[in-house]
Amino acid sequence: MQIARRRSDALLGRESESEFAGSHISTVRFFKTAIAGLFLSLGVLTVAPAAHAACLDHILQAEKEAGVPSGLLLAVALVESGQSISSEAYAVNVKGTAHFVSTPTAAAKYLRDPKGNLRQNVTAGCMQLSLSDHKAAFHPVEKIVDPKENVQYAARMLARLRATAGSWAAAVARYNGGSGKTAHAYACKVRSNLVSLNSVNASLIDGNGCSDEESTAVTPRTRRVYESATTEPVG
């Protein structure tokens, strides 16, 4: 299920710190250091800003490791968890409502109901994996919200789908669990993103029946990060 788009430079590890002139600099730094130290001692400061870049970083690595054509897993992720893939590493969708949190511990709380039972209508993480469909693959199940585990599993699953379905196009259509027109529409969305990222590998998904007006919202920043990490198509 696609999550609502949320943009933030911090998600690509580009948080910037306000600068102060003159004597304010040392004062501000002193208080920041003191506060950070207090948070660390209390176990509160658990996620570095770069943690939000985890989706994109892990996706690019997982594509190579699983033999997924360059840009394809990223194109899927753009549909699943936000078109900027400034994508929230710990996003959890519960019964159609998206929850954006900043730590795996906070995300994991949405996996269970108040009685501690696993919820049925939950998708989690960078690749928005269905908890009910894929819970058996994660030990403990809370690892489904870990960005690296989430992305690596999705890459392997896409590769398995390709092996059984016979093509990357069919694998993409099956990724979201849909069928018929729903699956075709999903594949068209993925293809639209892939055209923007890697036009060569976009040919792996048949564009017949896809709307020419289907817009892609891949941000320039995402495209730059992808291109800087990719030397040549894997397709």
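Since this is a predicted model, take the numbers as computed values, not measurements. (Residues numbered from 1 in each chain as written. Predicted model: local features only at pLDDT ≥ 70, side-chain atom pairs only at ≥ 80, totals over all residues. Heavy atoms only, no water.)

## Describing the confidence of the model for the protein
Low-confidence regions, as indicated by low pLDDT, have predicted coordinates that should not be scrutinised in detail. To keep it simple, the criterion reads: The predictor rates its confidence in each residue with pLDDT, a number between 0 and 100. Residue contacts are defined here by distance: any two heavy atoms, one from each residue, within 4.5 Å place the two residues in contact.
Here the protein shows a mean pLDDT of 77. Residues at 70 or above account for 71%. Taken as a whole, residues 2-52 scores under 50 in pLDDT and shows 61 contacts with residues more than four places along the chain or in a different chain.

## Quick word on helix α6 (residues 147-165)
Selection criterion: Numbering of helices and strands runs from the N terminus; a helix is a DSSP stretch of H or I covering at least four residues, while a strand is a stretch of E covering at least two. Every helix has an expected span of 1.5 Å times one less than the residues it contains. Burial classes: relative accessible area under 20% of the type maximum marks a residue as buried, over 50% as exposed, and values in between as partly exposed (1.4 Å probe, protein chains only). Throughout this description, a polar contact denotes any pair of N or O atoms lying within 3.5 Å of each other; where both atoms belong to protein, one of them has to be capable of donating a hydrogen while the other can accept it, and for residues adjacent in sequence the pair is counted only when both atoms sit in side chains.
In this model, α6 (19 residues) spans 26 Å end to end at C-alpha, consistent with the 27 Å of a helix rising 1.5 Å per residue. Within the span of α6, buried status applies to P147, N150, V151, Y153, A154, A155, M157, L158 and L161. Elements that come into contact with the buried residues of α6 comprise α2 (54-66), α3 (72-81), β3 (122-124), β4 (129-130), α5 (131-134) and α7 (168-175). Two or three places before K148, at the opening of α6, D146 has a side-chain oxygen 3.1 Å from that residue's backbone nitrogen.

## Things to note about the packing of α2 against helix α10 (residues 220-229)
Where we set the bar: Lines fitted to C-alpha atoms define the axes here, with helix axes fitted over just the stretch in contact, and angles between the N-to-C directions of these axes take values from 0 to 180 degrees. Any angle between 65 and 115 degrees counts as roughly perpendicular, while under 35 counts as roughly parallel, over 145 as roughly antiparallel, and the rest as oblique. Left-handed is the label given to a crossing in which the near helix is rotated counterclockwise from the far helix by less than a right angle, and right-handed is the label when the rotation is clockwise.
It is the contact of α2 with α10, at a shortest axis distance of 11 Å, that shows an interaxial angle of 40 degrees. Here α10 runs oblique to α2, going by the angle between their axes. The element α2 and its partner α10 pack so that their crossing is right-handed. Where α2 approaches α10, its residues L56, L60 and K64 are matched on the opposing element by V225, Y226 and A229.

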